[in-house]
Amino acid sequence: MENNGPQRTCETMEEHRELLKKEPAYRERKLQIERFTRRYVRTNAREGLRSGIVIIPVVVHVVHNTAAQNISDAQINSQIAVLNQDFRRLNPDVAGVPAAFQPLAADARIEFRLAVRDPNCNPTTGITRTETSVTSFPRAGNPVKSAATGGADPWPSDRYLNVWVCRLSGVLLGYAHFPGGPAATDGVVIRDTAFGNTGTAAAPFDRGRTATHEIGHWLNLAHIWGDEEVGCGGSDNVGDTPNQADENYGCPAFPQVSCGNGPNGDMFMNYMDYTDDACMFMLTAGQAGRMDATLYGPRSSIVASDGLVPPPPSPGVDLWSKDRPEDTGAEPDPSPLPMWESDDIWVRRQNDGVTNQEHQNPEHRDPGGPDNFVYVRVRNRACRGAANGTLKLYWAKASTALSWPAPWDGSVSSPALMGGLVGSQPTGSVPAGGSTILQFAWRPPNPDDYAVFGGDRSHFCLLGRIETAPTAPFGMTFPETTNLYANVQNNNNIVWKNITVVDEVPGGGRMAWTSVGALAGEEVTIGRLTFTAPGEDRKQELERSLFDWGTIAVDLGPDLIERWRDGGAAGERIDLIDDTTIVVAESGAWIGNLKFEPGELYTIGVHFEPKGDRETNEVFFFEVTQYASGEDREEVPVGGMRFVMKTRYREQRRGVLDQVLTFNGAEFLRPQLHTILG
Ligand SMILES: [Zn+2]
């Protein structure tokens, strides 16, 4: 199709080539980063998409010569919203991806927020506004990035993504710096009329995709055609994008064949091509993997940034870890969402957890075998002053009914040892606004010791506590009680995570297990279990819900089923399908009025049965949460378990489509499902 309108222009490669010429150090850093990235992708591709969400702090520098160029906050917010759709595969137009490429379209699991803490630890909107006498800025020399040349100085690029919005010279839409460039010019520049999807944004670049494209470069994505001058020899170094000769403009009709890439041709609807905003709407899993490598490698300081943490109300040092990605250290944590899913604790089966912060299930190894490793990120929320403390890391046999200090303190040995200390380490000096990662070697307990839990023999939880005083309350703002959930929510220096030891579970590891009930020594409680799929509300609109795909069954076992019947079989959105198994019809289902005597623990099995293939790259969560009420107390959350399920699409050499699923970290092939449904 002929396209006579304005064409996309990006000068990231021109900038890159100039830097290569000017700065030998940049050339060397870029080579190192590429070597790191290839090794990372090669080593970690099997793990699929990252399950955690990385949130990047953004500062937008509006540099304006006219009133119109001084774009509104609404226009800036519209751009942030576009990024949060595009990098999460939540953009409605992803439905327009041709069927042949649909399996490759991925949720990169990256989000963006305007900064709330500026480099001097003052509150900020994350927007700076600078009036300039410069009528238009050329790329060459980066004048928009310095106050001395009529622009705005950057904020520290190791802590913020700098985005300059200005009138660029000629028809230039934008350009970016790849990782490895000079800190003083790091970031992206976007033309004022190509920013966001409202206000002065002008067709055909009025859907915010110029920033998506440029931030793709900033996260080390190349143009999809490989940037060679002519021909098919270049590569974007991404395994799942077709080889492509040149850029595409406008809104091409599918397919556009080049370089023998038929029948499906170029992936011109990828954000890293040159098509119009309305005609680009996907990233691939391979591109997401490269961006993961960037976030764990050359841009790892962004992941640790304090740019989204408001300056604390009191000036003192404050060591903390995040309960959830959006946690800012407030006490208590205002989030209504579960407190047992901290991304600041992660397990690796080998000591690579600094460069790969994706949580793995630990693995039981025979005596003499290698250790597993647990990592905990400890942050300092203060504006000034380094802080020191002691991190104590504990394990417990997994259950949705955990309290404090038992069983974490090792005092419960019936029916088996139910918890203990993994280790204790000084945090060292953590600088204001900074963080440190502590590593603990760990040998998880032998699953054979937990036969009494049936299928749930190899599933453990972790708890990290940062103590800053040697005696009670150990530096906690709210002294700890037996209510573990409240302790974690109230104190920002306590974090919690559920885990599953992967071992050869008889019958396959296709089911995930957890224990529910009440620990010894507590009063009689009335329990309620809820079954939810977090984030499903956003996914449901796009027909990407776990419930759209298959059936979730929960095997309660004969004893718990009897307890449930004794309590009147209370529940909603569930169907009893055999003597012990319920099917969860939709997110938010529950069973209740479960009377638990002290010390009663029941093992339940969660089973996902897919209906047909899902040829896609996805991360799904399923959550079991236990609530308790008593004689004279309101219902409160006690604890829960998150089950992570990943799908990974890959095309094998012979062109046979295959799908690998990961359920709770145990990778398995589709046909091996153990069926418990009738
Ligand atoms: Zn570009």
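Please refer to the structure higher up on the page.
Our focus in this paragraph is the overall build of the chain. If you tally the helices and strands in the chain, you get 10 helices and 26 strands. By its C-alpha atoms, the chain is 75 × 60 × 50 Å across when sized along the principal axes. Across the 678 residues of the chain, 58% fall into the buried class. Looking at charge distribution, the chain has the averaged site of its 62 positive side-chain charges lying 5 Å from that of its 87 negative ones.

The next point concerns the packing of helix α3 (residues 73-86) against helix α4 (residues 209-218). Two elements in contact, α3 and α4, have axes whose closest approach is 9 Å; the angle formed by their N-to-C orientations is 60°. Here α3 is positioned oblique relative to α4, judged by the angle of their axes. Along this stretch, α3 crosses α4, giving a crossing that reads as right-handed. The segment α3 lies against α4, with Q79, V82, L83 and D86 engaging R209, A211, T212 and I215. Partitioning the contact of α3 with α4 into residue classes produces four nonpolar, two polar and two charged.

At this site the zinc ion is bound by C10 (SG), H213 (NE2), H217 (NE2) and H223 (NE2), with donor distances of 2.0 to 2.2 Å. Each of the four donor atoms bound to the zinc ion contributes to angles spanning 97 to 120°, and the resulting shape is tetrahedral. Counting gaps between the donor residues of the zinc ion yields the pattern C-x202-H-x3-H-x5-H. Neither H217 nor H223 differs from the other in exposure class; each is buried.

This paragraph deals with the state of the cysteines. Scanning the entire structure with this criterion turns up three disulfides. Two residues share a disulfide in this structure: C121 and C383, whose sulfurs sit 2.0 Å from each other. A torsion of -65° about the S-S bond marks the disulfide between C121 and C383 as left-handed. Taken together, the positions of C121 in the loop between β2 (110-114) and β3 (127-131) and C383 in the loop between β9 (372-380) and β10 (390-397) put the pair 262 residues apart, joining distant regions of the chain. Overall, C121 belongs to the buried group, its relative accessible area being 9%.

Moving on, we come to the sheet that holds strand β13 (residues 460-467). Pairing in this open sheet of four strands is antiparallel, and the strands run β11-β10-β13-β14 from one edge to the other. Looking at which strands have only one partner, the edges of the open sheet turn out to be β11 (419-426) and β14 (494-498). With strand direction ignored, the average angle separating the axes of adjacent strands in the sheet is 15°. Pairing analysis gives seven bridges linking β10 to β11, with the strands arranged antiparallel. Note that in β11 the partner of L393 across the bridge is G423.

Below, the discussion takes up the side chain of K30. Within the secondary structure, K30 sits in helix α2 (residues 24-44). At 4.8 Å, E34 is the nearest oppositely charged side chain to K30, a buried residue that forms no salt bridge. Discounting chain neighbours no more than four positions away, the residues touching K30 are H16, F178, P179 and N220.

It is worth spelling out the environment of H223 at this point. By the element assignment, H223 lies in the loop between α4 and α5 (285-296). Note on H223: relative accessible area 1%, which makes it buried. Residues H223 and H213, 10 residues apart in the sequence, show an inter-C-alpha distance of 8.9 Å. For H223, the residues in contact, after removing those within four places along its chain, are C10, M13, H213, H217, D236, M272 and Y274. Polar side-chain contacts of H223 include one of 2.9 Å to the side chain of D227.

The next point concerns the pattern of salt bridges. One pass over the full model with this rule turns up 35 salt bridges. Between E34 and R290 there is a salt bridge; the shortest N-O distance is 2.8 Å. Here the residue E34 occupies a position in helix α2, and R290 occupies one in helix α5, the gap between them amounting to 256 residues. Looking at R290, the relative accessible area reads 4%, which means it is buried. Beyond isolated ion pairs, a larger network of salt bridges with shared partners links R88, D107, R109, E111 and R113.

Running from N to C, α2 and α5 point in directions that differ by 120°, and their axes come no closer than 9 Å. When the interaxial angle is binned, α2 and α5 end up oblique. The handedness of the crossing between α2 and α5 comes out as right-handed. Residues E34, F36, T37, Y40 and V41 of α2 pack against G289, R290, D292, A293 and Y296 of α5. A per-class count over the contact of α2 with α5 returns five nonpolar, two polar and three charged.

Take the nonpolar core next. Judged by nonpolar contacts, the single largest core of 58 residues is most densely connected at I56 and F87. With five residues, the top contributor of residues to this core is strand β1 (residues 54-64). Each residue touching F87, except ones within four places of it in the same chain, is listed here: D107, A108, R109, I110, F112, T212, I215, G216, L219, L283 and M291. By size, the runner-up hydrophobic cluster in this structure holds 48 residues, among which are A396, M476, V516 and M641.

Before going further, it helps to examine helix α10 (residues 557-566). Those residues of α10 lying buried are G557, L560, I561 and W564. For α10, the buried positions fall inside an angular range of 105° around the axis, keeping them on one side. Turned more than 90 degrees away from the buried face of α10 sit P558, D559 and D566, all of them exposed. Where α10 terminates, the next one or two residues include G568, which has phi positive at roughly 90°.

Conventions and cut-offs
By convention here, each chain's residues receive numbers from 1 onward along its written sequence. Reporting of local features is limited, given that this is a predicted model, to residues whose pLDDT is at least 70; pairs of side-chain atoms are given and counted only at 80 or more, and all residues count toward the totals for whole chains, interfaces and linings. The side-chain values count all of the structure's non-hydrogen atoms but skip hydrogen atoms and water molecules. Under the DSSP-based scheme used, a helix requires at least four consecutive residues in state H or I and a strand at least two consecutive residues in state E, with every element numbered from the N terminus. Whether a residue is buried, partly exposed or exposed follows from its accessible area with a 1.4 Å probe, protein chains only, as a fraction of its type maximum: under 20%, in between, or over 50%, in that order. Under the convention used here, Asp and Glu are negative, Lys and Arg are positive, and both His and the chain ends fall outside the count. Just so you know, the charge point we use is NZ for Lys, CZ for Arg, CG for Asp and CD for Glu. Fitted lines through C-alpha atoms give the axes, limited to the stretch in contact for helices. The angle between two N-to-C directions lies from 0 to 180 degrees. Angular relationships are summarised with four words: roughly parallel below 35 degrees, roughly antiparallel beyond 145, roughly perpendicular across 65 to 115, and oblique for the angles in between. In a left-handed crossing the near helix is turned counterclockwise from the far helix by less than a right angle, and in a right-handed crossing that turn is clockwise. Working rule for contacts: check all heavy atoms of both residues, and any pair within 4.5 Å makes them a contact. The classification used treats Ala, Val, Leu, Ile, Met, Phe, Trp, Tyr, Cys and Pro as nonpolar, Asp, Glu, Lys and Arg as charged, and all other residues, Gly among them, as polar. Only N, O and S atoms count as donors, using a 2.8 Å limit from the metal and a wider 3.2 Å limit for Na, K and Ca, and since water is excluded some coordination spheres may look unfilled. Tetrahedral means four donors with every angle between 85 and 135 degrees, whereas square planar (four donors) and octahedral (six donors) require angles over 155 degrees between opposite donors and between 65 and 115 for all others; sites fitting neither are termed irregular. Here, a disulfide means two cysteine sulfur atoms that sit within 2.5 Å of each other. Between any two strands, at least two bridges found by DSSP are needed for them to pair. Between Lys or Arg on one side and Asp or Glu on the other, a salt bridge is scored when a side-chain nitrogen of the former is within 4 Å of a carboxyl oxygen of the latter. Here a polar contact means two N or O atoms within 3.5 Å. Within protein one must be a hydrogen donor candidate and the other an acceptor candidate, and residues neighboring in sequence count only if both atoms are side-chain atoms. Here the nonpolar core consists of buried residues drawn from Ala, Val, Leu, Ile, Met, Phe, Trp, Tyr and Cys, with membership extended through side-chain atoms lying within 4.5 Å. Of all possible arcs, the one meant is that of the directions from the helix axis to the C-beta atoms.

All we've got here are geometric facts, nothing functional implied.
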